[in-house]
Amino acid sequence: MRVLVVEDERNLADAIARGLRRKGMAVDVAYDGDAGHEMAFVTRYDVVILDRDLPGVHGDQICAELAASGTLTRVLMLTASGTVSDRVEGLQLGADDYLPKPFAFDELVARVQALGRRATPPAPPVLELADLVLDPARRVVTRGGAPVDLTNKEFGVLCELLKARGAVVSSEELLERVWDANTDPFTTIVRVTVMTLRKKLGDPPLIETVVGAGYRTAGDLS
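Values in this document were obtained by computation on a predicted structure and should not be read as measured data.

So, the environment of K101
Position of K101 relative to the elements: it lies in the loop between β5 (97-100) and α5 (105-118). With residues up to four places along the chain from it excluded, the contact list for K101 reads E7, E9, L12, D51, L78, T79 and A80. A polar side-chain atom of K101 sits 3.1 Å from a polar atom in the side chain of D51.

Describing the domain arrangement of the protein chain
One frequently used descriptor of interface size is the decrease in accessible area upon assembly of the parts. On domain assignment, one finds that the protein chain holds domain 1 (2-119) and domain 2 (127-217). Averaged C-alpha coordinates put domain 1 and domain 2 at centres separated by 27 Å. When the two sides are added together, the surface that domain 1 and domain 2 hide from each other amounts to roughly 760 Å², 34% of it contributed by carbon and sulfur. On inspection of domain 1 and its partner domain 2, the count reaches two salt bridges.

Examining the UniProt feature "modified residue: 4-aspartylphosphate" (unreviewed entry) in the protein chain
The feature "modified residue: 4-aspartylphosphate" (unreviewed entry), as annotated in UniProt, sits at D51 in this numbering. Structurally, D51 can be placed in strand β3 (residues 47-51). Take D51: its relative accessible area is 4%, and that puts it in the buried class. In contact with D51, not counting residues within four places along its chain, are V6, E7, D8, G59, L78, T79 and K101.

Conventions adopted
- Residues numbered from 1 in each chain as written.
- Predicted model: local features only at pLDDT ≥ 70, side-chain atom pairs only at ≥ 80, totals over all residues.
- Heavy atoms only, no water.
- Helix = DSSP H or I, 4+ residues; strand = E, 2+ residues; numbered from the N terminus.
- Contact = heavy atoms within 4.5 Å.
- Polar contact = N/O pair within 3.5 Å; in protein donor to acceptor, adjacent residues only side chain to side chain.
- Domains from an automatic or database assignment.
- Buried area = accessible area lost by both parts, 1.4 Å probe.
- Salt bridge = Lys/Arg side-chain N within 4 Å of Asp/Glu carboxyl O.
- UniProt positions renumbered as here; feature names shortened; annotations may be inferred.
- Buried < 20%, exposed > 50% of the residue type's maximum accessible area, 1.4 Å probe, protein only.

The structure is reproduced here in structure tokens:
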């Protein structure tokens with residue numbers, strides 16, 4: 001899941017980003033409305049965590065423009081004011097959810113995960129390919145009933161390939177969906193991750209390389 005945090009309180013923004021990354025999400029951070037506005041419309045995010053009172057472009061404007069654009073990106077609006085009228089106003093602007101500060105981090109994670117599920121076309125709760133089973137909710141992968149220990153990035157790549165249901169997914173798409181904006185676009189990290197993922201999944205191979213195009217799953221996808 002790709003998430004953008006737009007929050008001018010740097011300590012809070014960085015804490016949110018660190019926590020979400022520990023949950024396996026790719027997270028970018030903007031510390032003002034100008035940067036947040038630009039990033040939100042350049043990259044396709046699943047969820048934007050948006051502080052309402054931002055310097056530069058106001059959070060209300062970013063929220064309204066995202067809603068008007070028709071994007072699948074979901075907006076979780078944060079604010080120091082938690083009155084009913086403020087929540088109603090935020091939702092009327094186009095926010096998908098609203099969380100007053102201070103908040104419990106576990107609640108933030110749960111809300112982001114719920115919004116992320118609404119930001120992409122529906123996928124089966126459990127993804128299966130031959131004898132491989134991936135459970136996104138529990139972050140568990142097994143092959144032939146045996147657990148497969150994957151890093152967050154390996155898990156993310158495998159999940160994206162399984163969701164594509166045999167269609168080719170380019171390195172650029174994987175880089176955008178699984179890594180954050182700090183990753184060098186010319187890096188070989190996708191190729192290396194796919195290589196180690198193949199080794200961990202074992203034989204027969206379940207991931208094919210399509211030369212010049214990207215990667216796709218091989219075999220029967222349930």
